[in-house]
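# Reading the structure
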Amino acid sequence: MVKPPNIARSKIYILLTIMSWFALLFVDLVRIFGEINQMEGVIKREITWILEIIFFILLYLFFNNSINKKENSNFLNLIWRAASTGLIATGTSFLIIYFYYILQDTRLSDDPLLRNFFYHVNFALTAIFLISTALLWKHLILYQKNKAVVQQWQAYEVILLISMFFVLINQESFNYGFMFGLIFLIIYGVILSVNLKWIPYLTFREKWKSILFLAIIVFSTVYLLVQLVSYTQKNVHFVNLSENLFLLGLFAFVLIYAVFSFLVTLFNLPTSSVFEQKLTEAISFQKLSQSIQPGENEDQVLDILMDSCMSAAYVDAAWLELHADEEDRRTGTVLYQKFISNGERQEIMDLLKKTEPFSAYLKSQTDARIEYLYGKISHEIYQSVLIMPVRANKKILGDMFLLKEVKDGFNKEMINIISTFVGQTSISIENYRLLNEAIKNERYREELEIAQRVQRSLLPSALHHNRCFEIDGFSAAADEVGGDYYETFRFDQDNFALIIGDVSGKGTSAAFNMSQMKGVFHSLVQLNFSPKVFLSKANSALSRCLEKNNFITTTYYTVNTKEKTIHFARAGHCPTLYFDKEKNTCRFLDIKGMGLGIVRNDTFDQYLEEGTLVYHPGDVMVMYTDGIVEAKNKNGEEFGYENLRILLSSIYELPAHEIRIKIIEEVYSFVGKETLPDDDYSLLVIKFKA
Amino acid sequence: MLSINKASERDHLVIALNGEVDASNSVELDEVIQEAIADNAHKILLDGSELEYISSAGLGVFMSYLEDFNEKQVTFVIFGLNEKILNVFHILGLDQLISIKNTREEAEQALYEA
């Protein structure tokens, strides 16, 4: 269904209302004309009543529509609207009286038609005033509505509607039925008029204004009632429009509600400051409890705290002193000093240090559990003092000093409310700190993830080899990042370099050293040194960058696939496991060696040895880090060298990739699912084919 | 789990390690040795008979004091290591730098000969 726009609707209402009024005027004038000229029964009086009802209903609809649109206008505006309408209606009535005063003694002044015309004008304005005011009252009554009140109001609207038609049923005026209806409407109006929840929300000034407006409304209502009734008594030829239950009922309702509001507002005046105070406190609470946004300052909350406490207890002067704190550089600073000079503050501080019970607290600060200190001081201006420690995370953040000029200036309620403010502030600050910490941790975690990604990329994704051998590698870190390292390098068709290393320690520091090792490898490998020279150069380089208690173990190999030789040197790294196909033996290549960074001088060479091997197709070389052999199961037993050796003896037939997978599987199954790996595992398997 | 006992005997200091030395408690070992050096101990005996495990971080502690021992002419002897740990020292090459003996007697002898 298409809904016509609101503006058009209100225009239609205006038009229809005016038309119905003119129709009413015309009908009534015709009737009076007929009455004067004794022409009975030209137009029945029922038509007047029906037109009157239509006029009322249209007015009601129009105002209901127009007031609803301005739903969020404040109370004072609403009352002013009613009062101004009342003033217009009253003013017009006065103008009419003045008009007749001028016309005194002319024939026109006795003319019943003219008099009736003005009566209709008066009637229309009164009806406008009453209906619009009743609908404004509706808004006030339904402020903070509940279901019961809404139902009451809806019932009232229905009753009003019925009362309009009452005139058609009950044609005799002021009989019992009419009186009963009127009394019923009045009582119902009284019941509705108890809903005055809006009044406390007015400020002191607004209350005064509304009292004035309400007085105007009461006056206008009474005057208009008297005015309408007086027409009835003065005139002979007359169409009585006011003898309508609806109109009189509305009079009663508007008047009763205005009088009630007037009286309640008047009696609310003295306590209004208390209500305002409570409202401010509630708002302060809300401000304090809103957690501080990340990036904002705690000072802001402390500022709100100061302001709230000061206004809650009518404090004359105050300051907030922050305690010395290792983390915070604002040690012992005075933050927020309100309505007090530095000199005065110092003066009072000295005084407090001499006065019990403050002196003990201020000197030692030991009794952290104290909630507040309250007492009087002998100062020329300030008579009472309240000290409130402000806490966060169980530590005292600082002390708030509140001063009042009167003696015994703080009562229990004030201290209670201030305590609650302080508690709320603590919570806000704690939340703020927790949030900041959480954000920081989140950032660390992200950084670590980046580190992990970067480190992953430090391990080679593809290993150099040619058709003479297969190679396969694996590495897993116990923490996010690890200290294991392996890499290959190809000099030419037949010559390769291999390295496997393990940095002491684990985690981030190991990861950093591992990347240094990678740098050293890539710098030195290109110079094509023999393994022993390579390691002593690496030692020399790393000795300059490793921390005092850090070292790196590594084994460096050069492989020549043309001559089928391997040269290698061991810098403290786990001895390489070698399977010799021809002899069918599996052994560790244990040569003399020394970890890089342990001996940081020229004597390092003397601890090194260089080994040489000639390999044959089918030989397998397994390079690994200590994580593999030292992997522990839940009984604390290590996987060990022997297990590794026996394992290789049984699987040497497999291709390099499968040997690698098998070894890792075995290690993991040895460790078991319950135990977390506590070291980095790395493994490099080479199988020679030709 | 690591407990460290320090005892003075004759002219030397005996540091006994009991349990496992890993990255989390290597600092304790470091402190003890640092203290010993600060106290001008010239003969230090390390009793490793109750040592069950030592990680690279723990080895790093010994390594970092090698130079100090040389400079201050401190004789540092380790004894009683089990086979596994001895192997760890051997693989890393530390046995070439630190005097490691099997028994307390041998260790004391080495301490007072030097």
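Residues numbered from 1 in each chain as written. Chains lettered and ligands numbered in written order. Predicted model: local features only at pLDDT ≥ 70, side-chain atom pairs only at ≥ 80, totals over all residues.

## Some points on the pairing of strand 4 (residues 384-392) of chain A
Residues in a regular strand point their side chains to alternate faces of the sheet. All names here are of chain A. Across four bridges, strand 3 (residues 373-376) lies against strand 4 in antiparallel orientation. Looking across to strand 4, one finds that Tyr-374 is bridged to Leu-386. As defined by bridge partners, strand 4 adjoins strand 5 (residues 395-404) across nine bridges and the pair is classed as antiparallel. Residue pairing in the sheet places Ile-387 in a bridge with Phe-401 of strand 5. (Pairing = 2+ DSSP bridges. Helix = DSSP H or I, 4+ residues; strand = E, 2+ residues; numbered from the N terminus.)

## Observations regarding the sheet that holds strand 6 (residues 469-476) of chain A
What links the strands of a sheet is backbone hydrogen bonding, and the strands pair in either a parallel or an antiparallel sense. All names here are of chain A. The five strands are arranged 6-15-14-11-12 in an open sheet whose pairing can be described as antiparallel. The open sheet has two edge strands, strand 6 and strand 12 (585-589), and neither has a second partner. Ignoring strand direction, the axes of neighbouring strands in this sheet form an average angle of 15°. Relative to strand 15 (residues 681-688), strand 14 (residues 620-624) runs antiparallel, the two being bridged by five bridges. Along strand 15, the bridge assignment pairs Val-620 with Lys-687. Strands in contact with helix 18 (residues 656-671) are strand 6, strand 14 and strand 15; relative to strand 15, the strand with the most contacts, it is inclined by about 150°. (Axes fitted to C-alpha atoms, helices over the stretch in contact; angles between N-to-C directions. Contact = placed C-beta atoms within 7 Å.)

## Thoughts on the packing of helix 9 (residues 272-289) of chain A against helix 10 (residues 298-312) of chain A
All names here are of chain A. Remark: helix 9 packs on helix 10, axes separated minimally by 10 Å, with the N-to-C direction vectors making an angle of 165°. Judged by the inter-axis angle, helix 9 sits roughly antiparallel to helix 10. Where helix 9 crosses over helix 10, the handedness of that crossing is left-handed. Contact with helix 9, carried on its side by Thr-280, Glu-281, Ser-284, Lys-287 and Leu-288, involves Val-301, Ile-304, Leu-305, Ser-308, Ser-311 and Ala-312 of helix 10 and no other residues of that element. Here the residues of the contact of helix 9 with helix 10 are counted per class, giving five nonpolar, four polar and two charged. (Parallel < 35°, antiparallel > 145°, perpendicular 65-115°, else oblique. Left-handed = near helix turned anticlockwise from the far one by under 90°. Nonpolar A, V, L, I, M, F, W, Y, C, P; charged D, E, K, R; others polar.)

## Describing the UniProt feature "transmembrane region" (unreviewed entry) in chain A
Residue and element names in this part refer to chain A. Under the feature "transmembrane region" (unreviewed entry), the UniProt entry names residues 12-34, 46-63, 75-101, 121-141, 176-199, 211-233 and 245-269. The annotated region residues 176-199 carries 71% helix and 0% strand content, and the separation between its end C-alpha atoms amounts to 37 Å. Along residues 211-233, the helical share is 100% and the strand share 0%, with 33 Å between the first and last C-alpha atoms. (UniProt positions renumbered as here; feature names shortened; annotations may be inferred.)

## Focus: the packing of helix 4 (residues 112-141) of chain A against helix 7 (residues 204-234) of chain A
Residues and elements named next belong to chain A. Where helix 4 meets helix 7, the axes come as close as 11 Å, and the angle between the chain directions of the two elements is 145°. Seen from above, helix 4 lies across helix 7 with left-handed handedness. Across the interface between the two elements, Tyr-119, Asn-122, Thr-126, Phe-129 and Thr-133 of helix 4 pack against Ile-217, Ser-220, Leu-224, Gln-227, Leu-228 and Tyr-231 of helix 7.

## Comments concerning the interface of chain B and chain A
In this complex, chain B contributes 14 residues to the contact, which on the side of chain A involves 17 residues. Listing elements by their share of the side of chain B that touches chain A, those giving two or more residues are helix 2 (56-71) and helix 3 (83-92) of chain B.

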